[in-house]
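Structural overview
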Amino acid sequence: QVRLVESGGGLMQAGGSLRLSCTASGLISLKLFAMGWFRQAPGKERNLVAAISRDGLKNYADSLKARLTISRDSAKNTVYLQMDDLKPEDTAVYYCAADDLFLSVVRGPKGVDYWGKGTLVSVSL
């Protein structure tokens, strides 16, 4: 069982930046997995924000890519999402996800094997 734990959410100011972190509980090594960040705004579907393969290949949501950086630190067993120039429409619950296959993460959220519980990001003007 892979248990993912997100952190770094909270109340943010428009125009600012955030960095979300995702770690795995127990002795699970995240470098075994392709990883992704998804978000779900109230009343809307969960959508991919960014994904990173085991080898570091990255995929970003087209509408967001100019403001995003996904990265992974194997030594810290952590995956990060940096988002700049925050906007109120970025308000959502952000979920960390993991799967054996990078393509599964990119095509998610359906079929993605493992999920964190999410961290709420609220962006105000």
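First, a word on scope: everything that follows refers to the structure included in this document. Small disclaimer: the values here were computed from a predicted structure and weren't measured.

Within the protein chain, the regular secondary structure consists of one helix and 11 strands. Computed over its C-alpha atoms, the radius of gyration of the protein chain comes to 13 Å, within 12% of the 14 Å expected for a compact globule of 125 residues. Taken along the three principal axes of its C-alpha coordinates, the protein chain extends 40 × 25 × 25 Å. Considering the protein chain as a whole, with its 125 residues, one finds that 43% of them fall into the buried category. Residue pairs at least 24 apart in sequence account for 60% of intrachain contacts in the protein chain once pairs closer than 6 positions are excluded. Of the roughly 6700 Å² that the protein chain leaves accessible, carbon and sulfur atoms contribute 50%. Of the charged side chains in the protein chain, 16 are positive and 12 negative, and the gap between their average positions amounts to 2 Å.

Below, the discussion takes up empty space enclosed by the protein. Where empty space is left becomes clear once a probe the size of a water molecule has been rolled over the atoms. Scanning all chains against the criterion turns up one cavity of 30 Å³ or more. Approximately 30 Å³ is the volume attributed to the largest cavity. Around the largest cavity, the lining residues are Leu 30, Lys 31, Arg 72, Asp 73, Ser 74, Asn 77, Thr 78 and Val 79. Residue assignment for the lining of the largest cavity shows that the elements contributing at least two residues are β7 (68-73) and β8 (78-83). A class-by-class count of the residues in the lining of the largest cavity yields two nonpolar, three polar and three charged.

Conventions adopted
Residues numbered from 1 in each chain as written. Predicted model: local features only at pLDDT ≥ 70, side-chain atom pairs only at ≥ 80, totals over all residues. Heavy atoms only, no water. Helix = DSSP H or I, 4+ residues; strand = E, 2+ residues; numbered from the N terminus. Rg over C-alpha atoms; globule rule 2.2 N^0.38 Å. Buried < 20%, exposed > 50% of the residue type's maximum accessible area, 1.4 Å probe, protein only. Contact = heavy atoms within 4.5 Å. Areas by Shrake-Rupley, 256 points an atom, 1.4 Å probe, with all protein chains shown as cover. Lys, Arg positive; Asp, Glu negative; His and termini not counted. Charge placed at Lys NZ, Arg CZ, Asp CG, Glu CD. 1 Å grid on protein atoms, 1.4 Å probe; cavity = no way out; pocket = protein on both sides within 12 Å on 5 of 7 lines; lining within 4 Å. Points joined across faces, edges and corners; volume = space filled by probe spheres on them. Nonpolar A, V, L, I, M, F, W, Y, C, P; charged D, E, K, R; others polar.

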